[in-house]
Amino acid sequence: MLRLRMLSGEAVTSIPVEGVQDVKGLKQHLNRLHGLPPRFRQRILFRGETLKDTVRLDSAMNLDLVLLTFADVSEQQVEDLADAAEQGSVSQVESMMQLPQDPDLSGTREQPALTIASMQGHIEVARLLLEAGADKNLAGKNGWTALMVASSQGHVEVLRLLLEAGADHNSAGDNGVTALMMASVQGHVDIVRLLLESGADKSLAGTNGVTALTMASDQGNVEVVRLLLEAGADKNLGSHVGLTALMTASGQGHVEVVRLLLEAGADKNLSSHNGSTALMLASLQGHVEAVQLLVEANASTDLTDNNGLTALTMAAGQGLVEVVRVLLEAGVDKDLAANNGFTALMFASGSSQAGVVRLLLDARADTNVADNNGFTAWSIASGQRDVEVARLLWEAGARPNSAHRGFIALTGRSFEVSTSLPFSDILVTSQSEDRLERQRRWEEEEEAEKRRREEFERRKREHMEKELALGPW
């Protein structure tokens, strides 16, 4: 028997000789079964001399046990441990733990050694640090733990080691992001599978309200999305701005993810806090296939955002011909006006999108409806001096309305227009008018159009920034 006692004479335990092979094994046995500190903080003495870990214990003997506290180490020694962990040097880490050095001290990196080793995928160093009693859930810079960085970097075996050691799979960083979210955004399928099997909460959200499913959808990580859906992730949870997984996938044009989410029953008509739907975001970004999928899934084409914009008006203003074509074929209301009275035809005319104007005219969009200030698509195109669009509108029956009759900016002059004249005659038919008055009116109209263009651009930027930007993970 191996009889063990403290230096004070207090008996600790007796172990059959065949139960351990060497001093290292004895220390590990005492740690595991008797709750004593890790082997690095134990010293085994025989007849007053400290036995090395490699000494074999193959006969009965009486042994003394000494338990050590952590040594006082310098800042440089803390940095040296971080360097050894980063480089994966098992021998150096072993030597430092034998001091014994506290494995949880952080240096200038602001990360404990276990987190550093886990980030680099050095599994043997991670195993050694865990054996030395490193806190498996200790968070460093940004609130990241070893399990989180291993997940982010895709180190499957390190993750498995940490999970077996009891690391918290739901711990979150300063921004609320968990290991599952990190793995999902990076597309690490095996990591996601392992975390889900360990019971990681698939519906947790970061401080920006974004879930693992939304992150994976935003990045187009199809297999991760499939795993999360199969695990029962809530497909309709919205972020702090109301964005769902379907909205982000649609806005990014990830067609296969959109298909998966629709097949899983994601609500295709939910809207964000700005009122945007998945169809609007897909249309705004010109993702034709995503638009087609949503239309085929019976997504509503006539919903409006907080500015009264529809999927059609968004696409029309940017000249997205194929998107406009799909929406028109789906039976969208082509004359639905935004809060400022602008229709899709006005948006297209104001941004000189002749191709879209043709499509809308072929679909019999109303050419003479006026916005809140009395401007029609034709007067808007004229204010832009866009001869091609103005001609298309004129030939489709557009005419100056009473509020703007007599003003045509195509030539910078004013006219009393006869609605029976062909378009070519309008460009050469003039009526004298006081020059100063003509200049004043021209400047007023030009300024009004400038404001409209700026407002439209502002709205586009607002949608792109607020609707699609999910923020840092």
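Basis of the calculations
Within every chain, residues take consecutive numbers counted from 1 along the sequence as written. For a predicted model such as this one, the threshold for reporting local features is a pLDDT of at least 70, and the threshold for listing and counting side-chain atom pairs is 80 or more; totals across whole chains, interfaces and linings nevertheless cover every residue. To obtain the side-chain values, all non-hydrogen atoms of the structure were included, while hydrogens and water were left out. For helices the rule is a DSSP run of H or I covering at least 4 residues; for strands it is a run of E covering at least 2, with both sets numbered from the N terminus onward. Note on exposure labels: buried denotes an accessible area under 20% of the residue type's maximum, exposed denotes more than 50%, and partly exposed covers the range between, all computed with a 1.4 Å probe on protein chains only. Contacts are assigned to residue pairs that have any heavy atoms within 4.5 Å of one another. To be clear on the numbers: accessible area is Shrake-Rupley with a 1.4 Å probe, and residue cover counts the displayed protein chains and nothing else. Under the pairing criterion, centres of Phe, Tyr and Trp rings, with the six-membered ring standing for Trp, must be within 6.5 Å; the plane angle then separates stacked pairs below 30 degrees from edge-to-face pairs above 60, leaving the rest tilted. In this analysis the charged atom, NZ for Lys or CZ for Arg, is taken to sit over a ring once it is within 6 Å of the ring centre and within 35 degrees of the ring normal. UniProt positions are given in the numbering used here, feature names are shortened, and annotations may be inferred rather than shown by experiment. Definition used for salt bridges: Asp or Glu carboxyl oxygen within 4 Å of a side-chain nitrogen of Lys or Arg. Residues enter a nonpolar core if they are buried and are Ala, Val, Leu, Ile, Met, Phe, Trp, Tyr or Cys, with the set joined through side-chain atoms within 4.5 Å. Every axis in this analysis is a line fitted to C-alpha atoms, fitted for helices over the stretch in contact. Angles between the N-to-C directions lie between 0 and 180 degrees. What sets the label is the angle itself: under 35 degrees gives roughly parallel, over 145 gives roughly antiparallel, 65 to 115 gives roughly perpendicular, and the rest give oblique. Definitions for this section: a left-handed crossing has its near helix turned counterclockwise from the far helix by less than a right angle. A right-handed crossing has that turn clockwise. The nonpolar class holds Ala, Val, Leu, Ile, Met, Phe, Trp, Tyr, Cys and Pro. Asp, Glu, Lys and Arg form the charged class, and all remaining residues, Gly among them, are polar. A helix's residues, less one, multiplied by 1.5 Å, set its expected span. Patch criteria: residues need more than 30% relative accessible area and no salt bridge. Like-charged residues are merged within 9 Å; nonpolar side chains of Val, Leu, Ile, Met, Phe, Trp and Tyr are merged within 5 Å. As used throughout, the charge tally considers Lys and Arg to be positive and Asp and Glu to be negative, leaving His and the chain termini uncounted. By convention, charge coordinates are those of NZ in Lys, CZ in Arg, CG in Asp, or CD in Glu. Two strands are counted as paired when DSSP detects at least two bridges linking them. Polar contacts, as used here, are pairs of N or O atoms within 3.5 Å; protein pairs need one atom able to donate a hydrogen and one able to accept it. Residues neighboring in sequence count only if both atoms are side-chain atoms.

On to the overall build of the protein, then. Within the protein one finds 23 helices and seven strands. By the burial criterion, 48% of the 473 residues in the protein qualify as buried. If you take every contact in the protein between residues at least 6 apart in sequence, the share linking residues at least 24 apart comes to 68%. Here the protein has roughly 20,900 Å² of accessible surface; of this, 45% comes from carbon and sulfur atoms.

A separate point is the packing of aromatic side chains. Per the stated rule, a full pass over the model turns up two aromatic pairs. Between Phe-342 and Phe-347, the aromatic rings sit 5.1 Å apart at their centres with planes inclined by 65°, giving edge-to-face as the arrangement. Exposure remark for Phe-342: the relative accessible area of 6% places this residue in the buried category. Judged by its relative accessible area of 4%, Phe-347 falls in the buried class. Taking the centre distance of 5.5 Å and the plane angle of 45° together, the rings of Trp-378 and Trp-394 count as tilted. Residue Trp-378 is found in helix H20 (residues 377–383), and its partner Trp-394 is found in helix H21 (residues 387–395); the two are separated by 16 residues along the sequence. Judged on exposure class, the residue Trp-378 and its partner Trp-394 are both buried. The ring of Phe-70 has Arg-41 sitting right over it, with the charged end atom 5.1 Å from the ring centre.

Turning to the UniProt feature "repeat: ANK" (unreviewed entry) in the protein, a few remarks are in order. Summarizing the sequence annotation, UniProt attributes the feature "repeat: ANK" (unreviewed entry) to residues 109–141, 142–174, 175–207, 208–240, 241–273, 274–306, 307–339 and 340–372 in the numbering used throughout. Across residues 109–141 one finds 52% helix and 0% strand; the C-alpha atoms that close the span lie 8 Å apart. Across residues 307–339, the secondary structure splits into 48% helix and 0% strand, with the terminal C-alpha atoms separated by 6 Å.

For the rest of this paragraph, the subject is the pattern of salt bridges. Overall, the coordinates contain 15 salt bridges when judged by the stated rule. Note that Asp-64 is salt-bridged to Arg-5, the shortest N-O span being 2.9 Å. Placement of the pair is Asp-64 in strand S5 (residues 61–67) and Arg-5 in strand S1 (residues 2–6), with a sequence separation of 59 residues. Judged by relative accessible area, Asp-64 falls into the buried class, the value being 14%. Residue Arg-5 is classed as partly exposed on the basis of its relative accessible area of 45%.

Turning our attention to helix H19 (residues 354–362). Listing the buried residues of H19 in full gives Ala-354, Val-356, Val-357, Leu-359, Leu-360 and Leu-361. Just downstream of H19 lies Arg-364, where phi reads positive at about 65°.

This next bit is on the nonpolar core. Leu-228, Leu-261 and Leu-393 are the most contacted members of the largest nonpolar core, which totals 114 residues. Leave out the neighbours within four places in its chain, and Leu-228 touches Leu-180, Ser-184, Val-192, Leu-196, Lys-202, Ala-212, Leu-213, Ala-216 and Ala-233. With 15 residues, the next largest nonpolar core counts Leu-4, Ile-15, Leu-26 and Leu-63 among its residues.

Where helix H12 (residues 245–252) contacts helix H13 (residues 255–263), the two axes come as close as 8 Å, and the packing angle between them is 155°. Comparing the axis directions of H12 and H13 gives the class roughly antiparallel. Like other packed secondary-structure pairs, H12 and H13 cross with a definite hand, here left-handed. For the pair formed by H12 and H13, the contact residues are Ala-245, Leu-246, Ala-249 and Ser-250 on the first element and Val-257, Val-258, Leu-261 and Leu-262 on the second. Residues that form the contact of H12 with H13 fall into these classes: seven nonpolar, one polar and no charged.

Before going further, it helps to examine the environment of Val-321. If you trace the backbone, Val-321 turns up in helix H17 (residues 321–329). Sequence separation of Val-321 and Leu-359 is 38 residues, and the distance between their C-alpha atoms is 7.8 Å. Residues contacting Val-321, with those up to four places away along its chain left out, are Gly-355, Val-356 and Leu-359.

For helix H2 (residues 75–87), spanning 13 residues, the distance from its first C-alpha to its last is 19 Å, which sits close to the expected 18 Å at 1.5 Å a residue. Along H2, the positions that sit buried rather than exposed are Val-78, Glu-79, Leu-81, Ala-82, Ala-84 and Ala-85. Considering only its buried residues, H2 is in contact with helix H3 (90–97), helix H4 (113–120) and helix H5 (123–131). Two residues or fewer after H2 comes Gly-88, characterised by a positive phi angle close to 75°.

A contiguous patch of negative charge on the surface is contributed by Asp-302, Asp-333, Asp-335 and Asp-366. Relative to the helices and strands, Asp-302 is located in the loop between helix H15 (288–296) and helix H16 (311–317).

Turning our attention to the sheet that holds S5. Strands sit in the order S2-S1-S5-S3-S4 across an open sheet of five strands; the sheet is mixed. The sheet is open, and its two borders are formed by strand S2 (11–15) and strand S4 (49–50), each paired with just one other strand. Relative to S5, S1 is paired through five bridges, and the arrangement is parallel. When the sheet's bridge partners are listed, Leu-4 is paired in S5 with Leu-63.

Right, let's talk about the pairing of S2 for a bit. Pairing of S1 with S2 involves four bridges; the strand directions are antiparallel. For Leu-2, the partnering residue across the bridge sits in S2 and is Ile-15. The antiparallel pairing of S1 with S2 creates a hairpin that spans four residues between the two strands, and Gly-9 there sits at a positive phi of about 100°.

Take the side chain of Asp-218 next. Mapping Asp-218 onto the fold places it in helix H10 (residues 212–219). Within the structure, Asp-218 has its side chain in polar contact with the side chain of Gln-219 (distance 3.0 Å).

With that settled, the discussion passes to the pairing of S5. Bridge analysis of strand S3 (residues 42–46) against S5 gives four bridges, and the strand direction is antiparallel. Bridging across to S5, Gln-42 finds its partner in Leu-67.

Once that is clear, we can look at the environment of Ala-132. Among the secondary structure elements, Ala-132 is positioned in the loop between H5 and helix H6 (146–153). Overall, the relative accessible area of 5% leaves Ala-132 in the buried class. Not counting residues within four places of it along the chain, the set of residues in contact with Ala-132 comprises Pro-38, Phe-40, Met-97 and Pro-103.

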